[in-house]
Amino acid sequence: MRNKNNKHLGIEVDPELHFKLHYISKYEGRSANGQILYLIRQCIKEFEKENGEIIKTENNDCHFKIK
């Protein structure tokens, strides 16, 4: 069931990319949505490892903690 607190993100992808995403996600035992979330989390993890933790502020300014 969808969590109403989560944000929705709609993206357009070309048919070949869509096919390959579904192929890889099925191979790895995830839905396409699950695969996208996995990749986003991996990207954030790598970014924070190199640049420091991203901190969410009250007004949603972009800040990160320097290591």
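Just so it is clear, the structure is predicted and the values come from calculations on it, not from any experiment.

### A look at the overall build of the chain
Logical step 1: When helices and strands are counted, the chain shows two helices and two strands.
Logical step 2: Listed by position from the N terminus, the elements making up the chain come as α-α-β-β.
Logical step 3: Burial status across the chain gives 6% buried among its 67 residues.
Logical step 4: At a minimum sequence separation of 6, the contacts of the chain that also span at least 24 residues come to 0%.
Logical step 5: Counting every atom, the chain has about 6700 Å² of accessible surface; 56% of that belongs to carbon and sulfur.

### Section: the packing of aromatic side chains
Logical step 1: What the rule picks out here adds up to one aromatic pair.
Logical step 2: Residues Phe19 and Tyr23 carry aromatic rings whose centres are separated by 6.3 Å and whose planes lie at 40° to one another, so their mutual orientation is tilted. Pair noted here: Phe19 and Tyr23 are both in helix α1 (residues 15-27), with a separation of four residues, about one helical turn. The pair formed by Phe19 and Tyr23 is uniform in burial state, with each residue classed as exposed.
Logical step 3: Cation over ring: Arg30 sits above Tyr38, and NZ or CZ is 3.8 Å from the ring centre.

### Remarks on a nonpolar patch on the surface
Logical step 1: Together, Leu9, Ile11, Val13, Leu17, Leu37, Ile40, Ile44, Phe47 and Ile54 make up a nonpolar patch on the protein surface, roughly 780 Å² of accessible area in all.
Logical step 2: The element best represented in the nonpolar patch is helix α2 (residues 32-51), accounting for four residues.
Logical step 3: Relative to the helices and strands, Phe47 resides in helix α2.

### Here's the deal with the packing of α1 against α2
Logical step 1: Taken N-terminus to C-terminus, the directions of α1 and α2 make an angle of 90°; their axes are 8 Å apart at the nearest point. Between α1 and α2, the angle falls in the class roughly perpendicular. The segment α1 lies against α2, with Leu21, His22, Ile24 and Ser25 engaging Ala32, Gln35 and Ile36.

### Side note on the confidence of the model for the chain
Caution is warranted with low-pLDDT regions, since their predicted coordinates should not be read in detail.
Logical step 1: The pLDDT averaged across the chain works out to 89; a share of 88% of its residues lies at or above 70.
Logical step 2: Ranking the elements of the chain by mean pLDDT puts strand β2 (residues 62-64) last, at 63, and α1 first, at 98.

Conventions we followed
- Residues numbered from 1 in each chain as written.
- Predicted model: local features only at pLDDT ≥ 70, side-chain atom pairs only at ≥ 80, totals over all residues.
- Heavy atoms only, no water.
- Helix = DSSP H or I, 4+ residues; strand = E, 2+ residues; numbered from the N terminus.
- Buried < 20%, exposed > 50% of the residue type's maximum accessible area, 1.4 Å probe, protein only.
- Contact = heavy atoms within 4.5 Å.
- Areas by Shrake-Rupley, 256 points an atom, 1.4 Å probe, with all protein chains shown as cover.
- Phe/Tyr/Trp six-rings, centres within 6.5 Å; stacked < 30°, edge-to-face > 60°.
- Lys NZ or Arg CZ within 6 Å of the ring centre and 35° of its normal.
- Patch = residues over 30% accessible without salt bridge, like charges linked within 9 Å, V, L, I, M, F, W, Y side chains within 5 Å.
- Salt bridge = Lys/Arg side-chain N within 4 Å of Asp/Glu carboxyl O.
- Axes fitted to C-alpha atoms, helices over the stretch in contact; angles between N-to-C directions.
- Parallel < 35°, antiparallel > 145°, perpendicular 65-115°, else oblique.
- pLDDT = per-residue confidence, 0-100.

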